[in-house]
Amino acid sequence: GLYCSALLLTALPNFFRILIVATVGVYAIFSRDLAAARARLVGRSTTMETSFGALEYAVMGEGALVLIVHGAAGGFDQGIEMTGAMAGRGYRLILPSRFGYLRSTLPGNLTTAMQADAYAQLLDRLGVDKVVVVAISAGAWSSMQFAIRHPERCRALVLLIPADYLPAGTSIRGGAIVRAIFNSDFVAWAALKLMPILPGGMTRIMLGTDAAVVRAAEPSEKARAQQILDHLLPVGPRLAGMNFDIKTAATHEPYPIEKIACPVLTISAEDDRFGTASRAKHIAASVPDGRAIIFPTGGHALIGHSADALREITSFLQTVQTGATSKNWKLSITSARK
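From a predicted model like this one, the values you see are computed outputs, not experimental measurements.

A.B. asks: Give a detailed account of the overall build of the protein, specifying residues and quantitative values.
C.D. replies: Along the backbone of the protein there are 13 helices and 9 strands. Out of the 338 residues belonging to the protein, those deemed buried represent 51%. Look at the contacts in the protein between residues 6 or more apart in sequence, and 77% of them connect residues 24 or more apart.

A.B. asks: Tell me about unusual backbone geometry, and please be specific about residues and values.
C.D. replies: Omega for the bond connecting Leu233 with Pro234 falls within 30 degrees of zero, at -5°, which places this linkage in the cis form. Positionally, Pro234 belongs in the loop between helix H10 (219-230) and helix H11 (239-250). At Asn109, a position not held by glycine, the phi torsion is positive, near 55°. Mapped onto the secondary structure, Asn109 falls in the loop between strand S4 (91-97) and helix H4 (112-126). Residue class for Asn109 comes out exposed when judged on its relative accessible area of 74%. Even without being glycine, Ser137 reaches a positive phi, approximately 50°. With respect to the element layout, Ser137 can be found in the loop between strand S5 (131-136) and helix H5 (139-149).

A.B. asks: An account of the pairing of S5 is needed here, citing residue identities and associated values.
C.D. replies: Of all 6 residues in S5, 6 are buried; the element is thus mostly enclosed. Residues of S5 alternate between two faces, with Val131, Val133 and Ala135 on one and Val132, Val134 and Ile136 on the opposite face, all of them buried. Pairing analysis gives 4 bridges linking strand S3 (residues 64-69) to S5, with the strands arranged parallel. Directly across from Leu67, in S5, lies its bridge partner Val133.

A.B. asks: With reference to specific residues and values, describe the pattern of salt bridges.
C.D. replies: When their charged atoms lie close together, side chains carrying opposite charge are able to pair. In this structure the tally under the stated criterion is 13 salt bridges. Among the salt bridges present, the one from Glu62 reaches Arg92, with a minimum N-O distance of 3.0 Å. With Glu62 in the loop between strand S2 (53-60) and S3 and Arg92 in strand S4, this pair connects stretches of sequence that are 30 residues apart. Accessibility expressed as a relative area gives 29% for Arg92, which makes it partly exposed.

A.B. asks: Kindly report on the pairing of strand S8 (residues 290-295), identifying the contributing residues and their values.
C.D. replies: With 5 of 6 residues buried, S8 is to be regarded as a mostly interior element. Relative to S8, strand S7 (residues 264-269) runs parallel, the two being bridged by 6 bridges. For Ala269, the partnering residue across the bridge sits in S8 and is Phe295. Remark: the S7/helix H12 (residues 276-286)/S8 crossover connection has right-handed handedness.

A.B. asks: Talk me through the nonpolar core; I want residue IDs and the actual numbers.
C.D. replies: By size, the foremost hydrophobic cluster in this structure holds 40 residues, and its most contacted members are Leu67, Val133, Trp141, Met144, Phe146, Leu157 and Ile260. Sorting the residues of this core by element identifies S2, S3, H4, S5, H5, strand S6 (154-160) and H11 as the ones contributing at least two each. When near neighbours in sequence (up to four residues on either side) are disregarded, Ile260 contacts Met144, Ala147, Ile148, Leu157, Val287 and Pro288. Ranked by size, the runner-up nonpolar core spans 31 residues in total, among them Leu41, Val132, Ala269 and Phe316.

A.B. asks: Provide a residue-level description of the packing of aromatic side chains, including the pertinent values.
C.D. replies: Enumeration over the complete set of coordinates arrives at 6 aromatic pairs. Aromatic side chains Tyr119 and Phe146 sit 6.4 Å apart centroid to centroid with 65° between the ring planes, which places their arrangement in the edge-to-face category. Taken together, the residues span a long stretch of sequence, with Tyr119 in helix H4 and Phe146 in helix H5 at a distance of 27 residues. Each of the two residues, Tyr119 as well as Phe146, counts as buried. Measuring from centroid to centroid gives 5.7 Å for Phe186 and Trp189, while their planes differ by 35°, and the two rings are tilted. Of the two residues, Phe186 and Trp189 are both situated in helix H7 (residues 185-194); the distance of 3 residues between them amounts to about one turn of the helix. Residue classification places Trp189 among the buried positions, given a relative accessible area of 8%. Ring-pair connections join several aromatic residues into one group, and the members of that group are Tyr27, Phe30, Phe186 and Trp189.

Criteria and cut-off values
Residues numbered from 1 in each chain as written. Predicted model: local features only at pLDDT ≥ 70, side-chain atom pairs only at ≥ 80, totals over all residues. Heavy atoms only, no water. Helix = DSSP H or I, 4+ residues; strand = E, 2+ residues; numbered from the N terminus. Buried < 20%, exposed > 50% of the residue type's maximum accessible area, 1.4 Å probe, protein only. Contact = heavy atoms within 4.5 Å. Pairing = 2+ DSSP bridges. Salt bridge = Lys/Arg side-chain N within 4 Å of Asp/Glu carboxyl O. Right-handed = clockwise from strand over helix to strand, strands pointing away. Core = buried A, V, L, I, M, F, W, Y, C linked by side-chain atoms within 4.5 Å. Phe/Tyr/Trp six-rings, centres within 6.5 Å; stacked < 30°, edge-to-face > 60°.

Below, the structure written as structure tokens:
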């Protein structure tokens, strides 16, 4: 039992005793942190059956209805963290976990069109006729599909740092590291713990944001960047969805975005290391009613501009709600500044 184990430990050379004790200690800390990450998700969402499989979702806030579609490495929880402040500003948020994330199953031969149709089924379940859609990063593909396939149900579309396709012959920056992280909760946890001593940290790899931008940010924004990274855990239930997003990024599927009839607002940053600024401008210029807000800095996490982005979104939605004509802002490409 424990007594025999203690005797065996004392018989080992000092180096091995230290190594064993350190390993046990590290694993105990990892287990504690992983348990806390899993507990953070419990009781905050529910699931429903769609024609494609189980779909997880959460609902919060009161007011005008907004469908929030999370980005890569996310789930309903990422949607809450990125846009949850809207719930206190007169909006009722519907936050699904896209297929392959958390408790949403991954259907065979999944497409972004299938995910878009699942959003429509979710709205049916909730008795909702029409919504504004706010999409984050890789959530842009299925959200644009929703606006194209279900135009009568999409009041307006906001695309935050909209994901782009990878140029032919290229791969995701740090792709090998990303795949290693998302194959293991322990590897992800260890990488986050080592973040302060890694060159550029994890901010460049996972947040598409230069470390200098984070260092120069206000304490609240530094804390937000850290929270985004910490809340990657648990990564196991996000692996299937992440792999689908990587595959989608490499598949240049043509979207008839010119058919998106509702007003569209895109938001990005010029220094986003994932290159979403050009995508945001292209989408805004391609739809009948489009506007792009491009911040000079902030990276993929819009560090230093999260409050600005929220103000732009709520201002845009107020314009949509009041029925103001889109001619006032059609095809306006703005380089926002502090």
